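Below are the chains, spelled out letter by letter.
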Amino acid sequence: MRAATRIAVVGAGLGGLTLAGLLQRRGFDVSVHEQATGFARIGAGIILSANAVKVLRRLGLEPGIVATGIRPDSFLSRDIATGETLYELTLDAASERRFGGPFVNIHRADLHALLQSALRPGTIRFGEGLAGLEERDDHLRLIFADGGTAEADIVVGADGIHSRLRALLQGEAPPRFTGRLAMRAVFPPGRIPGPPIRDCTKWWADDRHVLVYFMTGRRDEVYVMTAVPADSWEGDDTSVPGTRAGFLAGFEDAHPDLRRVLEAAETVMVWPICDRPRDDRWHAGRAVLLGDACHAVRPYMAAGGASAIEDAGVLARCLAEFDDHGTAFARYAATRIPRVAEVQRISIENSWMRGPTELDWFFGHDVCTAPLA
Ligand SMILES: Cc1cc2nc3c(=O)[nH]c(=O)nc-3n(C[C@H](O)[C@H](O)[C@H](O)COP(=O)(O)OP(=O)(O)OC[C@H]3O[C@@H](n4cnc5c(N)ncnc54)[C@H](O)[C@@H]3O)c2cc1C
């Protein structure tokens, strides 16, 4: 596509910011339209696997990510009841050579700040929630909730699981409640009695699991996320305050190494785990979707954000390489859909690294150099 092509990215999440940075580096005229009025430091962590770090490397962000987050010494899987080690992936210089990059666990707000730093000042326009879209002869008109408008040659919906662009293209369809709730707590490790905990552990039972990891290299913030069964959920899918008793419920018989971590929690947030059934309609006309907007997954493989970042890597390549947007979008979707479908399948199964797992196809992949479909 011509470098003068005006590209409007809707949503300043992980995928949208990564795409905007990659497109600016290729000379495109990019604007990012975000409904929020600014970014807040919400207490949540994210695992960036090597395949995602390799994309962010192209934005020059790898040193900052490594310095801000933590490179855990392993990913450890243990049984909730017995404490038995089910699997351990050692993360060290050898694994970084094998996968071509590090694993980094990081606070989302820190990652957002780094992604923003890779953009030209003024690229993100806060308070511009997409409400409508009009097709003109050779361009699009975006209409925002506050009545403002913007014009673009193509629009990218990176607006998450509730994507407005997706609804405008395909009709309204609410996300699917998966029958699990996630509960999250963040606290300093000094609250945990006993010996130091490991860097990154997933505790497994058949119908629930718990993920525990540090979010900084200083090991001063522990992030704990439980996923537990629930018959129903009233309300939308934003998080609401929970109780400590609710957080501990269902883990009465957990192994002492897990109990002492859970009992250290004070403030808890709860939200329903939602996803969407697979839908391969990723583009229409001058509009294209990426990330959770077209493939929201349950967060059991820790790969939703990594997949949005991978989408950005492939879409940026396709827009730069092909002369017309139709070809670029088709090649992007054809390249991404089979890989994302496998992530969706594994996320539903919740089997990733519970035991010995074939990892290289995911962690070792580099979307910036792999052949396009
Ligand atoms: C509990 C939990 C843990 C997770 N852990 C991991 C993990 O460890 N590793 C991992 O890779 N993934 C993880 N994920 C998944 C990951 O968070 C998502 O897949 C990822 O954030 C999706 O990125 P995105 O850019 O598509 O959308 P988002 O990051 O959701 O960004 C969407 C953006 O669009 C904005 N927006 C929405 N509507 C509009 C509108 N109408 N107009 C303008 N802007 C709009 C939003 O405000 C937001 O800023 C986890 C998810 C959950 C729920």
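Residues numbered from 1 in each chain as written. Predicted model: local features only at pLDDT ≥ 70, side-chain atom pairs only at ≥ 80, totals over all residues. Heavy atoms only, no water.

You'll find the protein entered in an unreviewed UniProt entry as FAD-dependent monooxygenase, with Roseomonas acroporae given as the organism.

### Structural notes on the overall build of the protein
Defined as follows: Only DSSP runs of H or I reaching four residues or more are called helices, and only runs of E reaching two or more are called strands; each is numbered from the N terminus. The size measure is the radius of gyration over C-alpha atoms, and the globule rule it meets is 2.2 Å times the number of residues to the 0.38 power. A simple rule labels every residue: compare its accessible area, found with a 1.4 Å probe on the protein chains alone, to the largest value its type can have, and call it buried under 20%, exposed over 50%, or partly exposed in between. The Shrake-Rupley method, run with a 1.4 Å probe, gives the accessible areas here. Residue values count only the displayed protein chains as cover. Counting rule applied: Lys, Arg positive; Asp, Glu negative; His and chain ends not counted. Note on charges: their place is set at NZ of Lys, CZ of Arg, CG of Asp or CD of Glu.
When its secondary structure is counted, the protein shows twelve helices and 19 strands. At 20 Å, the protein has a C-alpha radius of gyration in line with the 21 Å of a compact globule built from 373 residues. Considered along the principal axes of its C-alpha atoms, the protein spans approximately 65 × 45 × 35 Å. The proportion of buried residues among the 373 residues of the protein is 56%. Counting every atom, the protein has about 15100 Å² of accessible surface; 50% of that belongs to carbon and sulfur. Charge centroids of the protein, computed over 42 positive and 48 negative side chains, lie 3 Å from each other.

### So, the pairing of strand 14 (residues 209-214)
The condition is simple: Two strands form a pair only when DSSP identifies at least two bridges running between them.
By the criterion of burial, strand 14 is predominantly enclosed, with six of the six residues buried. A two-sided burial pattern is seen for strand 14, the buried positions comprising His-209, Leu-211 and Tyr-213 on one face and Val-210, Val-212 and Phe-214 on the other. Across five bridges, the pairing between strand 13 (residues 200-204) and strand 14 is antiparallel. Residue Trp-203 lies in a different strand from strand 14, and its bridge partner there is Val-210.

### Things to note about the sheet that holds strand 9 (residues 140-144)
Threshold: Lines fitted to C-alpha atoms define the axes, with helix axes restricted to the stretch in contact, and inter-axis angles between N-to-C directions lie between 0 and 180 degrees.
Strand order across the open sheet formed by three strands is 8-9-10, with antiparallel pairing between neighbours. The open sheet is flanked by strand 8 (130-135) and strand 10 (149-152), the only strands paired with a single partner. Strand after strand, the sheet turns through a mean of 25 degrees between neighbouring axes, direction not considered. With four bridges joining them, strand 9 and strand 10 adopt antiparallel strand pairing. Within strand 10, the position partnered with Ile-143 by the bridge is Thr-149.

### Quick word on helix 5 (residues 108-117)
This is how it is decided: Throughout, a contact is declared for two residues whenever any of their heavy atoms are within 4.5 Å.
Among the residues of helix 5, those classed as buried are Ala-109, Asp-110, Leu-111, His-112, Leu-114 and Leu-115. In the core, the buried residues of helix 5 are packed alongside helix 1 (14-25), strand 3 (45-48), helix 2 (50-57), helix 3 (62-68) and strand 6 (104-107).

### What to know about the sheet that holds strand 1 (residues 6-10)
Taken in spatial order, the six strands make up an open sheet running 7-2-1-11-19-18, and their pairing is mixed. Edge positions in the open sheet fall to strand 7 (124-126) and strand 18 (283-284), since each of these has one partner strand only. Sitting on the sheet, helix 1 touches strand 1, strand 2 (29-34), strand 7 and strand 11 (154-157), and the angle it makes with strand 2 is about 165 degrees.

### Quick notes on the environment of Gly-304
Locating Gly-304 in the fold gives a position in helix 10 (residues 304-321). In sequence terms Gly-304 and Asn-105 are 199 residues apart; their C-alpha atoms lie 14 Å from each other. In contact with Gly-304, not counting residues within four places along its chain, are Asp-292 and Val-297.

### A word on the side chain of Arg-259
Note the threshold: Here a polar contact means two N or O atoms within 3.5 Å. Within protein one must be a hydrogen donor candidate and the other an acceptor candidate, and residues neighboring in sequence count only if both atoms are side-chain atoms.
As for its position among the elements, Arg-259 is in helix 8 (residues 256-262). Of note is the side chain of Arg-259, whose polar atom sits 2.6 Å from the side chain of Glu-263. With near-sequence residues (within four places) excluded, Arg-259 lies in contact with Leu-248, Phe-251, Glu-252 and Ala-254.

### A short note on the pairing of strand 4 (residues 74-79)
Across the six residues that make up strand 4, a large majority, six, are buried. Burial along strand 4 is two-sided: Ser-74, Leu-76 and Arg-78 facing one way and Phe-75, Ser-77 and Asp-79 facing the other are all buried. The pairing of strand 4 with strand 5 (residues 85-90) spans five bridges and is classified as antiparallel. Among the inter-strand pairings, Leu-76 is bridged to a residue of strand 5, identified as Glu-88. Between the end of strand 4 and the start of strand 5, which pair antiparallel, lie five residues, with Gly-83 showing a positive phi angle near 80 degrees.

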